[in-house]
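Residues per chain, in single letters:
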Amino acid sequence: MTRTDAPSGQRTTPLKERATRYALLPLRIFLGVTFVYAGVDKLTAAGFLAETGSGSIGELMRGVRDTSAVPALVDLALKAPVGFGAAIAIGELLVGLGVLAGVLTRVAAAGGLLISLSLWLTVSWAVTPYYYGNDLAYLMAWTPLLLAGAPYWSFDSRVRSR
């Protein structure tokens, strides 16, 4: 069964309509799970939330300071590396949970976009070629969710429907 009542005048099928409707769901699940995992990993990794030592946030920040696009941002993080590392980890966890549940999805996506932007401008900036660094890809992946939100299978959609 096809219909031609689509805005573009193109023929559509129920399957195509359903696929279009749920197109952002795999992205939402991937980003949500990935950010929850990243946040939990940072909070539970031995030595990450420390000013010094192998694998610590402090060592990571000192290591990228001179190659970062915004050294002042790294300098700010180095004033309290443990607090900065905890803030990033908790932010990732909250963003991931928000996107998975579809709670304030656009706000959560904006948070994910900002975290990815800050990591791209600091940690991944010197990676060459640029496409080897994953933070830029995450930054771009958050954009559709920022624009569209979570129209299906979300707390946001339940609130809107009432």
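Model, not experiment: these values are computed from the prediction.

S.K.: Please explain the overall build of the protein chain as it appears in this structure.
M.R.: If you tally the helices and strands in the protein chain, you get 8 helices and 0 strands. When the helices and strands of the protein chain are read in sequence order from the N terminus, they spell out α-α-α-α-α-α-α-α. The globule rule puts the C-alpha radius of gyration for 162 residues at 15 Å, and the 19 Å found for the protein chain is more than 25% above it. Dimensions of the protein chain, computed from the C-alpha atoms along their principal axes, are close to 65 × 35 × 25 Å. Taking all 162 residues of the protein chain together, 36% fall into the buried category. Pairs at least 24 residues apart make up 61% of the contacts formed inside the protein chain by residues separated by at least 6 positions. Surface summary for the protein chain: the accessible area is close to 9,700 Å², and the carbon and sulfur share equals 66%.

S.K.: Just checking my understanding: could you explain the pattern of salt bridges for this structure?
M.R.: Summed over the entire model, instances satisfying the criterion amount to 4 salt bridges. Residues glutamate 59 and arginine 62 are paired through a salt bridge, measuring 3.1 Å at the closest nitrogen-oxygen approach. Here glutamate 59 and its partner arginine 62 are both found in helix H3 (residues 57-64), 3 residues apart, which amounts to about one turn of the helix. Overall, the relative accessible area of 38% leaves arginine 62 in the partly exposed class. Across the salt bridge formed by arginine 65 and aspartate 66, the nearest N and O atoms sit 3.3 Å from each other. Of the residues examined, arginine 65 reaches a relative accessible area of 27% and is grouped as partly exposed. On the accessibility criterion, aspartate 66 (67% relative accessible area) is exposed. A cluster of three or more residues bridged by salt bridges with shared partners is formed by Arg65, Asp66 and Asp75.

S.K.: Would you mind going over the packing of helix H5 (residues 81-101) against helix H6 (residues 105-122) with me for this structure?
M.R.: Think of two packed helices as two axes; the pair is described by the angle between the axes and how far apart they sit. For the pair H5 and H6, the least separation of the axes is 8 Å and the interaxial angle reads 145°. At the point where H5 passes H6, the crossing takes the left-handed sense. Residues Gly91, Glu92, Val95, Gly98 and Val99 of H5 form the contact with H6, whose participating residues are Thr105, Ala108, Ala109, Gly111, Gly112, Ile115 and Leu119. Here the contact of H5 with H6 is composed, by residue class, of 6 nonpolar, 5 polar and 1 charged.

S.K.: It is not clear to me how the packing of aromatic side chains should be interpreted in this structure. Could you clarify?
M.R.: Here a ring pair, both rings aromatic, is described through the centre-centre distance and the interplanar angle of the planes. Scanning all chains against the criterion turns up 7 aromatic pairs. Aromatic pair tyrosine 130 and tyrosine 131: ring centres 5.7 Å apart, planes at 80°, arrangement edge-to-face. Accessibility expressed as a relative area gives 58% for tyrosine 130, which makes it exposed. When the ring of tyrosine 131 is compared with that of tyrosine 132, the centres are 5.3 Å apart and the planes differ by 80°; the resulting orientation is edge-to-face. Using a relative accessible area of 58% as the deciding quantity, one classes tyrosine 131 as exposed. Among the aromatic residues, those joined into a ring-pair cluster are Phe30, Phe35, Tyr138 and Trp142.

Thresholds applied
Residues numbered from 1 in each chain as written. Predicted model: local features only at pLDDT ≥ 70, side-chain atom pairs only at ≥ 80, totals over all residues. Heavy atoms only, no water. Helix = DSSP H or I, 4+ residues; strand = E, 2+ residues; numbered from the N terminus. Rg over C-alpha atoms; globule rule 2.2 N^0.38 Å. Buried < 20%, exposed > 50% of the residue type's maximum accessible area, 1.4 Å probe, protein only. Contact = heavy atoms within 4.5 Å. Areas by Shrake-Rupley, 256 points an atom, 1.4 Å probe, with all protein chains shown as cover. Salt bridge = Lys/Arg side-chain N within 4 Å of Asp/Glu carboxyl O. Axes fitted to C-alpha atoms, helices over the stretch in contact; angles between N-to-C directions. Left-handed = near helix turned anticlockwise from the far one by under 90°. Nonpolar A, V, L, I, M, F, W, Y, C, P; charged D, E, K, R; others polar. Phe/Tyr/Trp six-rings, centres within 6.5 Å; stacked < 30°, edge-to-face > 60°.

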